[in-house]
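Coordinate analysis (summary)
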Amino acid sequence: MIYKNTIKYILLAVLLFAFIPNFGQSSNQFKVVLDAGHGGKDPGAMKNGLKEKEIALDVVLRVGKLLEAYNDVALVYTRKTDVFIELRERANIANRAKANLFVSVHCNSTTTAVPYGSMTLVMGMSRTGTNLEIAKTENAVIFQEADYKTKYKGFDPNNPETLIGLKIMQEESLLQSIELASLIQDGFKTKLNRKDKGVHQQPLWVLDATVMPGVLIELGFVSNPEEAKYLSSEEGKAELAQSIANSIIAYKNTFFSPSEVALPLDVQDELIVAPENTIPTENNVVVNSDKTTHYKVQLEAGTKLIDTKPANFKGLKNISYTHENKLYKYFYGDETDYEACKKLLEEAKKKGYKSAYIVTFENK
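None of the values given here were measured: they were computed from a predicted structure.

Details of the overall build of the protein chain
- Each helix and strand counted, the protein chain has 10 helices and 12 strands in total.
- Residue pairs in contact within the protein chain that sit at least 24 positions apart in sequence constitute 79% of those at least 6 positions apart.
- In the form shown here, the protein chain has an accessible surface area of approximately 17,600 Å², with 52% of it arising from carbon and sulfur atoms.

Notes on the nonpolar core
- Ranked by size, the top nonpolar core spans 43 residues in total, and within it V63, V103, I217, L219 and I248 carry the most contacts.
- Going through the elements one at a time, β1 (30-36), α2 (52-67), β4 (73-77), β5 (101-108), α6 (171-190), β8 (214-221), α8 (225-232) and α9 (234-255) are the ones with two or more residues in this core.
- At eight residues, α9 tops the list of elements feeding residues into this core.
- Ignoring sequence-local partners within four residues, the contact set of V63 consists of L34, A241, I244, A245 and I248.
- The next biggest cluster of nonpolar side chains, apart from the first, holds 19 residues, and it includes V297, Y321, Y330 and Y332.

Looking at the sheet that holds strand β9 (residues 294-302)
- Strand order across the open sheet formed by four strands is β10-β11-β9-β12, with antiparallel pairing between neighbours. Among the strands making up the open sheet, the edge pair consists of β10 (319-324) and β12 (357-361). Taken pair by pair, the neighbouring strands of this sheet meet at an average axis angle of 40°, ignoring direction.
- Taken together, the five bridges between β9 and β12 define a ladder with antiparallel strand orientation. Each residue of the ladder has a partner; that of Y295, found in β12, is T360.

Observations concerning the environment of I249
- Among the structural elements, I249 can be located in helix α9.
- Judged by relative accessible area, which is 1%, I249 ranks as buried.
- When the C-alpha positions of I249 and F30 are compared, they lie 9.7 Å apart, and in sequence the two are 219 residues distant.

Quick word on the side chain of S243
- Relative to the helices and strands, S243 is located in helix α9.
- By relative accessible area, S243 is classed as buried at 5%.
- When neighbours within four sequence positions are excluded, S243 is seen to be in contact with G187, F188 and L192.

Section: the packing of α2 against α9
- Running from N to C, α2 and α9 point in directions that differ by 50°, and their axes come no closer than 8 Å. Judged on the interaxial angle alone, α9 and α2 are oblique. In the crossing of α2 with α9, the sense of the turn from one axis to the other is right-handed. Contacts between α2 and α9 pair D58, V59, R62, V63, L66 and L67 from the former with E234, K237, A238, A241, Q242, I244, A245, I248 and I249 from the latter.
- Looking at the contact of α2 with α9 residue by residue, the classes come out as 10 nonpolar, one polar and four charged.

Considerations on the side chain of R90
- Inspection of the secondary structure puts R90 in helix α3 (residues 87-96).
- Beyond its immediate stretch of four places on either side in the chain, R90 contacts D35, A36, G37, H38, T78, R79, I85, F102 and V206.

Remarks on the sheet that holds β4
- Strands sit in the order β4-β1-β5-β8-β6-β7 across an open sheet of six strands; the sheet is mixed. Sheet topology places β4 and β7 (196-202) at the edges, where each strand pairs with a single neighbour. Here the strands of the sheet are splayed against their neighbours by 20° on average, with no regard to which way each runs.
- Pairing of β1 with β5, which is carried by five bridges, proceeds in the parallel orientation. Residue pairing for β5: D35 is matched across the bridge by S104.

Topic: the packing of α8 against α9
- Contact geometry for α8 and α9: axes closest at 4 Å, N-to-C directions at 75°. As summarised for this structure, α8 and α9 are arranged roughly perpendicular, according to the angle between their axes. The residues of α9 that touch α8, namely those facing Y230, L231 and S232, are E234, G236, K237, E239 and L240.
- Partitioning the contact of α8 with α9 into residue classes produces three nonpolar, two polar and three charged.

About the cut-offs
- Residues numbered from 1 in each chain as written.
- Predicted model: local features only at pLDDT ≥ 70, side-chain atom pairs only at ≥ 80, totals over all residues.
- Heavy atoms only, no water.
- Helix = DSSP H or I, 4+ residues; strand = E, 2+ residues; numbered from the N terminus.
- Contact = heavy atoms within 4.5 Å.
- Areas by Shrake-Rupley, 256 points an atom, 1.4 Å probe, with all protein chains shown as cover.
- Core = buried A, V, L, I, M, F, W, Y, C linked by side-chain atoms within 4.5 Å.
- Buried < 20%, exposed > 50% of the residue type's maximum accessible area, 1.4 Å probe, protein only.
- Pairing = 2+ DSSP bridges.
- Axes fitted to C-alpha atoms, helices over the stretch in contact; angles between N-to-C directions.
- Parallel < 35°, antiparallel > 145°, perpendicular 65-115°, else oblique.
- Left-handed = near helix turned anticlockwise from the far one by under 90°.
- Nonpolar A, V, L, I, M, F, W, Y, C, P; charged D, E, K, R; others polar.

So, in structure tokens, the structure goes:
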């Protein structure tokens, strides 16, 4: 029976690949589908006075608001209000949009109050312990849908073996999904000091049915009282949203194209902000009097003027910035040779500026 299912899904995968266009690569915009888990009649996990559907939606809307600053990023939401969206329709929304990325946001929960921490899931066939239970929980919404046996025939949330054939469709995007998941977990761990529960591969229908790289983020455990407080706090939701947005842009800069404008991706709390009445001088403002092409590494951007001393930029020297449209952009180095600037980019990334990229200044 498993062998027959495998053959059936292999044929399905071949047919889908024959008719599916090259998703998202024909446009200059990087299209992201933001999926707030659960909704409407499906509250998701409910513990410590929290509802998973509310936390997920709040964080997703915050992520979207941050990404709106990028002109080359297009956003699609599976839901922006408290409504029930079928899993199949969530995948359909992403596929119809020909998106480059699918990001689903959820919260975790267990029967005990002990576990805590964040994890990110990608499509896979792992069947180990607790993680399989998470996969079953997230897939179980299928049973709330009308005619689920017809809509999801061949997919049993409690029997991952039925997915073996469809695994073929994930080969091309799996590594990119893992890359994004790793960026997300690294951000949670290093920037927010959240407990890192790692990246895991699980048989999740909504990730399997989408044809682009995708992840399912478990922000934390609503069943843990302390973590529940963080998840429901304004600070917690804002930090998580910023970290996710940072990771999406870092992924975009690696696999799609660098953005012309950057959010404050790596600004840390300990940065010393220059007084508001400080007048920028030509020593640190980007001013080139010659007519040569210059290359610099853009590190970050934000609305505050930051003292350019090395202590504020992880020890990097030769920091400059521009100020336009109320946004300060901070750059490392100044080279007329592109290859030399690439070495500076590598150095910046080793320092922790994972989303840094090279920009060009043309003087005429």
